[in-house]
Amino acid sequence: MKKFVLLYLLALVLFFVLFYADTTILSRVLNDTQTSLTLMMLEPFLKPGQLQGIDIIISPLYRIIITQACNGMIPILFYFAAIVAYPSRLWIKPLWMGAGYLIFTLVNVVRILIVVYFVEQKGGRDNFYLAHDIFGNALLMMVGLGLFILFIRSSGARPEAD
């Protein structure tokens, strides 16, 4: 267990430095591409003209801005670090990472649509915290935990006792 935790933290730091923090051209391209993909996937579900660049217009005075922090890369990298750190057969890891990437990308779009729906209701901006910070983050955490549990069950490996 100690080995898993250490490897997890190391992988997490490495992934965030290489793929999320604005430290390399690769991280910038990756995050810009992921943000563009998220916006492209959102557009069919929004009202015509509601998506303007990276802004989702809720009202003339209120908009939700889809930034790098909204593109879904943070939970994806947390999940990837767990997969990399867990002791299992190597060939199964890329399969679960690919499936996780696709699922997280779709769930992130659903999360943003939930936020948009809630802030368009009575209460408007006051609903943002509940929709974004509570429901949205809980959804991402449950999906990540569920995926990781399924990965562990399918990997056939069991962590060593320390």
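So, here's what we can say about the structure. Keep in mind it's a predicted model, so treat the numbers as computed, not measured.

## Section: the packing of aromatic side chains
Summed over the entire model, instances satisfying the criterion amount to 14 aromatic pairs. Ring centres of F15 and F19 lie 5.8 Å apart, and the angle between their planes is 50°; on these two criteria the pair is classed as tilted. Taken as a pair, F15 and F19 lie in helix α1 (residues 2-19) at a separation of four residues, close to a single helical turn. Ring plane angle 50° and centroid distance 6.3 Å describe the contact between Y79 and F80, whose orientation is recorded as tilted. For the pair shown, Y79 and F80 are each scored as buried. Grouping aromatic residues by their ring pairs yields a cluster made of F4, Y8, Y86, W96, F148 and F151.

## Regarding the environment of V84
Counting through the fold element by element, V84 comes out in helix α3 (residues 73-85). C-alpha separation for the pair V84 and C70, spaced 14 residues apart in sequence, amounts to 23 Å. Once you skip the residues sitting within four places of it in the chain, V84 turns out to touch A11, F15, K93 and M97.

## Describing the pairing of strand β3 (residues 62-65)
With burial as the criterion, only one face of β3 is covered, namely that bearing Y62 and I64; the residues R63 and I65 on the opposite face remain uncovered. Pairing of strand β2 (residues 55-59) with β3 involves four bridges; the strand directions are antiparallel. Note on β3: the bridge partner recorded for D55 is I65. The loop that links β2 with its antiparallel partner β3 comprises two residues.

## Considering the pairing of β2
In terms of strand pairing, strand β1 (residues 51-52) meets β2 through two bridges, oriented antiparallel. Within the sheet, the bridge partner assigned to Q52 lies in β2 and is D55.

## Observations concerning the environment of L26
Assignment of secondary structure puts L26 in helix α2 (residues 25-42). With residues near it in sequence (within four places) discarded, L26 still touches L18 and F19.

About the cut-offs
- Residues numbered from 1 in each chain as written.
- Predicted model: local features only at pLDDT ≥ 70, side-chain atom pairs only at ≥ 80, totals over all residues.
- Heavy atoms only, no water.
- Phe/Tyr/Trp six-rings, centres within 6.5 Å; stacked < 30°, edge-to-face > 60°.
- Helix = DSSP H or I, 4+ residues; strand = E, 2+ residues; numbered from the N terminus.
- Buried < 20%, exposed > 50% of the residue type's maximum accessible area, 1.4 Å probe, protein only.
- Contact = heavy atoms within 4.5 Å.
- Pairing = 2+ DSSP bridges.

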